[in-house]
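# Structure assessment
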Amino acid sequence: MAISTDQRSMGAVAMRWHGDRLELLDQRLLPAGEHWVTAADASAVAQCIADMVVRGAPAIGISAAYGVALAAYNARGNSNWKAAVRLAIDELAQSRPTAVNLFWALQRMEQTFLTCASPGEAVELLAAEAVLIHEEDLAANLAMADHALDVMNPQQAIGVLTHCNTGALATGGYGTALGVIRRLHERQLLDRVYADETRPWLQGSRLTAWELMQDNIPVTLNADGAAAAILASGKVKWVLVGADRITANGDVANKIGTYSLAVLARYHNVGFMVVAPSSTVDMALVSGTEIPIEEREGTEVREIRGIPLAPAGVDVFNPVFDVTPAGLIDAIVTEKGAVRKPDLAGMRALFA
Ligand code: MRU
C-alpha cells in the first residue's frame, strides 16, 4: 500500500507508507539535504509532528492517520490491542493544537477503529483508512485548483504572492494554495510567484522556494516585510494562502503573518484567497477567537540552527498562527466549491 507512485507527478513526496513504518521527509533540514526519518510507531509519528519533521495542516492529519495504523500493526499480537490504539489516538492528538486536520483525521480513524472486531481487522482497516485519507487529500487539492481558477478567471498571466508552504510537502500531494499556483503555471496563466520567506521557521524560503524551483515555476523570494512594497507595485493580482483551521463564520487561522497580508491586500485592492480542504473547516467553532493558537519556543526567533540572532535570553513572543477575519477574505476555496465573501451563511450553504 503506497501512494507515492501517483504522487510523484504531483510535486515533492513528503511521506512514504510501508505498512509497518512511515517514512517522512525531514522538512527541518530542507533545502540543505533530503533526509528521511523512519517512524515505526505512533509515538514516533507524534514526535515527528511536534518537532516539525512533517508540518502543514493536511500532512499532519495524514501522518497522524498512519500513526494510528501503526499502533494497530504493533499491537496485533496483544490482547490489549484496543487500549493500545486508543492510547495512540490520545498521544497523536497532543502533538500540535491548531490545525484541525489532525483531530479530523483522528476522528475518522477512531470511527473505523470502532468497527474492528479483531486485531487483524484493525491492521487492515486502519491502514486502508489512512491511505484513503491520503488519497482523498490529493484529490481535494486537484479539485480546489479548478474551483480557484474559476474564481480568479485570469485573462492573462498574473503575479501572485504566497505565504508559508502549502505545497506537496504540506499535503497529500500537489498542494492547496501552491496547487492553485501549479495549475496557473500549467495553464500558462502564471507570471511569477512572490514567496514570503515566512519568519521565523522559514517555510517560504526553505520549502516553498525549493518546491517551486524543483518544478521550474518562476519564483522570487522576499522578506516578509517586503510584501507591502510588492503589493503596492501592482505586480500581484492575488494573495494565495492555505489554512490550519477555518471557523463557521469564515475566519481563518493560518501561519503567522497571514493576517497582515490580508490587511495589505485589502488596502491595495489585491484579491485575497484561502485554499483549504474541507478537513480544515471546523464548523463547531463559531469564530476565530475560539481557535487554539500554538506558541512555540522563543529559540525559534532568537536563533537559527544554534546561531544567535538576538541577545541571549531576550523575551520572545512566538505565536505560530494568527487569525484573519472573514471580512478581509475575498474567497475561501475548498474541494466542495468556493465561498465568496465568506460568512456564516456562505459557509453553512457549502457544508449543508
Ligand atoms: O507550522 P506549519 O508549517 O505546520 O504551518 C503551516 C501553515 O500554516 C500552512 O499555511 C497551512 O497548514 C496550510 S498547508 C496546506
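Computed from a predicted structure; not experimentally measured.

What follows covers the nonpolar core. Ranked by size, the top nonpolar core spans 41 residues in total, and within it W17, L22, I49, Y66, V68, L92 and L126 carry the most contacts. At 11 residues, helix α3 (residues 57–74) tops the list of elements feeding residues into this core. Residue contacts for L92: discarding those within four places in its chain leaves A42, V45, A46, I49, A64, G67, V68, L102 and L106.

Near the ligand you find 18 residues, and of these A57, Q203, D244, N254 and K255 are the closest. A distance of 2.8 Å is found between an oxygen atom of the ligand and a backbone nitrogen or oxygen belonging to A57. In this structure, K255 approaches the ligand through a side-chain N or O atom, which is 2.7 Å from an oxygen atom. About the coverage of the ligand: the protein hides 100% of its 420 Å² of free accessible area. Counting residues per element, the ones that place at least two in the shell around the ligand are α3 and β9 (252–255). Grouping the constituent residues of the shell around the ligand by class yields seven nonpolar, seven polar and four charged. Taken together, domain 1 (15–139) and domain 2 (154–351) each give at least three residues to the shell around the ligand, which thus spans both.

Turning to the sheet that holds strand β3 (residues 36–39), a few remarks are in order. If you walk across this open sheet you meet the three strands as β1-β2-β3, and the pairing is antiparallel. Of all the strands in the sheet, just β1 (15–17) and β3 have a single pairing partner and so form its edges. Going across the sheet, the axis of each strand differs from the next one's by a mean of 20°, ignoring polarity.

Moving on, we come to the pattern of salt bridges. Taken as a whole and judged by the stated rule, the model has 15 salt bridges. Linking R28 and D26 is a salt bridge whose minimum nitrogen-to-oxygen distance equals 2.8 Å. Overall, the relative accessible area of 32% leaves R28 in the partly exposed class. The partner of R108 in a salt bridge is E129, and the shortest N-O contact between them spans 2.8 Å. Of this pair, R108 sits in helix α5 (residues 100–114) while E129 sits in helix α6 (residues 119–152), and the two are 21 residues apart along the sequence. For R108, a relative accessible area of 19% corresponds to the buried category. Assessed through its relative accessible area of 14%, E129 is described here as buried. Via salt bridges that share partners, R96, E294, R296 and E300 belong to a single interconnected network.

Once that is clear, we can look at the domain arrangement of the protein. Interfaces are often described in size by the accessible area the parts lose on coming together. Taken domain by domain, the protein comprises domain 1 (15–139) and domain 2 (154–351). Relative placement of domain 1 and domain 2: their C-alpha centres are 25 Å apart. Taken over both partners, the interface formed by domain 1 and domain 2 buries close to 2,300 Å², and the fraction arising from carbon and sulfur atoms is 55%. Area buried by domain 1 at its contact with domain 2 is led by R55, T98 and V100, which between them contribute 26% of it.

Rules of the game
Residues numbered from 1 in each chain as written. Predicted model: local features only at pLDDT ≥ 70, side-chain atom pairs only at ≥ 80, totals over all residues. Heavy atoms only, no water. Core = buried A, V, L, I, M, F, W, Y, C linked by side-chain atoms within 4.5 Å. Buried < 20%, exposed > 50% of the residue type's maximum accessible area, 1.4 Å probe, protein only. Helix = DSSP H or I, 4+ residues; strand = E, 2+ residues; numbered from the N terminus. Contact = heavy atoms within 4.5 Å. Near = heavy atom within 4 Å. Polar contact = N/O pair within 3.5 Å; in protein donor to acceptor, adjacent residues only side chain to side chain. Areas by Shrake-Rupley, 256 points an atom, 1.4 Å probe, with all protein chains shown as cover. Nonpolar A, V, L, I, M, F, W, Y, C, P; charged D, E, K, R; others polar. Domains from an automatic or database assignment. Pairing = 2+ DSSP bridges. Axes fitted to C-alpha atoms, helices over the stretch in contact; angles between N-to-C directions. Salt bridge = Lys/Arg side-chain N within 4 Å of Asp/Glu carboxyl O. Buried area = accessible area lost by both parts, 1.4 Å probe.

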